[in-house]
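# Structural overview
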Amino acid sequence: MASAITTLAADAPTLSAANTGFMLICSALVMLMTPGLAFFYGGMVRVKSSLNMLMMSFISLGIVTILWVLYGFSLAFGTDSGSLIGWSSDYVGLSGIGITELWDGYTIPVYVFAVFQLMFAVITPALISGALADRVKFSAWALFSALWVTVVYFPVAHWVWGAGGWLFELGVIDFAGGTAVHINAGAAALGVILVIGKRVGFKRDPMRPHSLPLVMLGAGLLWFGWFGFNAGSWLGNDDGVGAVMFVNTQVATAAAMLAWLAYEKLRHGSFTTLGAASGAVAGLVAITPSGGAVSPLGAIAVGAIAGVLCAMAVGLKYKFGYDDSLDVVGVHLVGGIVGSLLVGFFATGGVQSDVAGLFYGGGPEQLGKQAIGVFSVLAYSLVASAILAFLLDKTIGMRVTEDVEVSGIDQVEHAETAYDFSGAGGGASSRGTANPAPAATKKVDA
């Protein structure tokens, strides 16, 4: 008996300074993705809405962080209850966790795991905001975000990643958030926009991005931060799986960008900057669930397929009449579905697990599991998000007035504008002529 106890003690994980440091860096990288998303979305809207778009992402860093500490981590990763939700009193307020207490089965502290997962929780509702550009009250958005992470994100995170969660136990493969993050956010976006309706002038007025350099800056920050998002999700560097995920993240993103641009050239005759940025994000989304299961060649296939399908999907809003302002449905929902389902085809059985897809000698079982994960999260998030939006719309109101939307949401909701033109033509201004800002702003908005 004594020898058995000694063996168990020797085999028990001990805190790894290397893995702990690596995961703290990855957590910081994922945190950077939310400001990166703010720039990406902020550049895609018209100038009169750019600050509001930045704030809709940035506020998530405040709201979700506090809720995660108070009860979110407990709901998502606490002791399982009925395979649907977790709860551990020690995780409430993060008050019962020892500073060197390890996350079960790993060599990193619970605190490190908690802060890494926090950054996933922060960016997920921020992703939704891109579909709602130009027309939502900031106070209503803040309340929606708080309710949504509580009712939708925390439970779904438990289903997918929590010990005992029903999709986790089923064997659904989601390395870093294809279902829990991207399908979840994309379906939520669709649910909300079906409730709140279209922007004034949808399909009639030009609604071009006001700053493509901001879009490219945001896309670059997202691409950079996504290495922490994906490679960090293995929670350590001991067996090389995280390294494969890092490589696959780069490879799939490159393939998706090229595929989107090729489709765009064939379909519309041009290689656009917005297409390059959107294609890169589509590749990042698609490889998120699948990158730990496929080879680099498989990652090329995943990225290329996602790039083309997402490029095709962004036009569906005009065909079906839903106003997805910044293509959250077309990129995140469709990209998440594509990446999650392709696990069932391209999984090699030699990276994160021994599960093989159809193209590597496996049967249809894993594809079936992936489909269950995809469509269960999609349905729950779509319905729950629509209900939340409906209740808020009927109580406090979700939308700004038409006059505010037309004149510009930034000035009314935030008492600021993104660009101060008062210094333009300073010589004329100093002679007492009219401030050129309104005319300049009007010209940019158009």
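Located above this text is the structure these notes cover.
Each value, and the rule that gives it
Residues numbered from 1 in each chain as written. Predicted model: local features only at pLDDT ≥ 70, side-chain atom pairs only at ≥ 80, totals over all residues. Heavy atoms only, no water. Helix = DSSP H or I, 4+ residues; strand = E, 2+ residues; numbered from the N terminus. Rg over C-alpha atoms; globule rule 2.2 N^0.38 Å. Contact = heavy atoms within 4.5 Å. Areas by Shrake-Rupley, 256 points an atom, 1.4 Å probe, with all protein chains shown as cover. Axes fitted to C-alpha atoms, helices over the stretch in contact; angles between N-to-C directions. Parallel < 35°, antiparallel > 145°, perpendicular 65-115°, else oblique. Left-handed = near helix turned anticlockwise from the far one by under 90°. Nonpolar A, V, L, I, M, F, W, Y, C, P; charged D, E, K, R; others polar. Buried < 20%, exposed > 50% of the residue type's maximum accessible area, 1.4 Å probe, protein only. Patch = residues over 30% accessible without salt bridge, like charges linked within 9 Å, V, L, I, M, F, W, Y side chains within 5 Å. Salt bridge = Lys/Arg side-chain N within 4 Å of Asp/Glu carboxyl O. Expected span 1.5 Å × (residues − 1). Polar contact = N/O pair within 3.5 Å; in protein donor to acceptor, adjacent residues only side chain to side chain.

Moving on to the overall build of the protein chain. The number of helices and strands found in the protein chain is 18 helices and two strands. Here the C-alpha atoms of the protein chain give a radius of gyration of 23 Å, agreeing with the 22 Å that 2.2 N^0.38 yields for 446 residues. On the principal axes, the C-alpha backbone points of the protein chain span a range of 90 × 50 × 45 Å. Here the contacts in the protein chain between residues at least 6 apart in sequence split such that 76% fall between residues at least 24 apart. Carbon and sulfur atoms make up 67% of the accessible area of the protein chain, which totals about 17,700 Å².

Before going further, it helps to spend a moment on the packing of helix H3 (residues 50-77) against helix H4 (residues 110-129). At a closest axis distance of 7 Å, the pairing of H3 and H4 adopts a crossing angle of 135°. Of the possible angle classes, the one that applies to H3 and H4 is oblique. The handedness of the crossing between H3 and H4 comes out as right-handed. Taken together, the residues of H4 that come into contact with H3 (itself represented by Met53, Met56, Ser57, Ser60, Leu61, Val64, Thr65, Trp68, Phe73 and Phe77) are Val110, Phe113, Ala114, Gln117, Leu118, Ala121, Val122, Pro125, Ala126 and Ser129. Residue composition of the contact of H3 with H4, by class: 15 nonpolar, five polar and no charged.

So, on to the environment of Ala157. With respect to the element layout, Ala157 can be found in helix H5 (residues 138-161). Residue class for Ala157 comes out buried when judged on its relative accessible area of 1%. Between the alpha carbons of Ala157 and Ala146 there is a distance of 15 Å; along the sequence they are 11 residues apart. Residues in contact with Ala157, not counting those within four places in the same chain, are Ala76 and Gly162.

Our next topic: a nonpolar patch on the surface. A cluster of nonpolar residues, Val383, Ile387, Phe390 and Leu391, forms a patch on the protein surface that exposes about 380 Å² of accessible area. With respect to the helices and strands, the residue Val383 is situated in helix H14 (residues 365-395). Assessed through its relative accessible area of 48%, Val383 is described here as partly exposed.

Before going further, it helps to spend a moment on helix H11 (residues 296-313). Taking 1.5 Å of rise per residue, the 18 residues of H11 would be expected to cover 26 Å, and the 25 Å separating its terminal C-alpha atoms lies within 8% of that figure. Residues of H11 that are buried make contact with helix H9 (241-268), helix H10 (273-290), helix H12 (316-320) and helix H13 (328-346).

What follows covers the pattern of salt bridges. Within the structure shown, the criterion is met by six salt bridges. Across the pair Arg46 and Asp134 runs a salt bridge, and its minimum N-O distance is 3.2 Å. You can see Arg46 sitting in the loop between helix H2 (17-44) and H3 and its partner Asp134 sitting in the loop between H4 and H5, a full 88 residues away along the chain. Here Asp134 falls in the buried class, since its relative accessible area comes to 3%. Across the salt bridge formed by Lys317 and Asp327, the nearest N and O atoms sit 2.9 Å from each other. Pair noted here: Lys317 is in helix H12 and Asp327 is in the loop between H12 and H13, with a separation of 10 residues, a long-range link. Asp327 carries the same exposure label as Lys317, and that label is buried. Through salt bridges that share partners, Arg46, Asp134, Arg199 and Asp323 make up one connected network.

Okay, the environment of Arg399 next. Among the structural elements, Arg399 can be located in the loop between H14 and helix H15 (402-407). By relative accessible area, Arg399 is classed as partly exposed at 23%. On a C-alpha basis, the gap between Arg399 and Ala140 in space is 8.1 Å, while along the polypeptide they are 259 residues apart. With near-sequence residues (within four places) excluded, Arg399 lies in contact with Arg135, Val136, Lys137, Ile196, Gly197, Lys198, Arg199, Val200, Asp393 and Glu405. Here the side chain of Arg399 touches Ile196 through a polar contact of 2.8 Å, landing on its backbone oxygen. Side-chain polar atoms of Arg399 contact the backbone oxygen of Lys198, separated by 2.8 Å.

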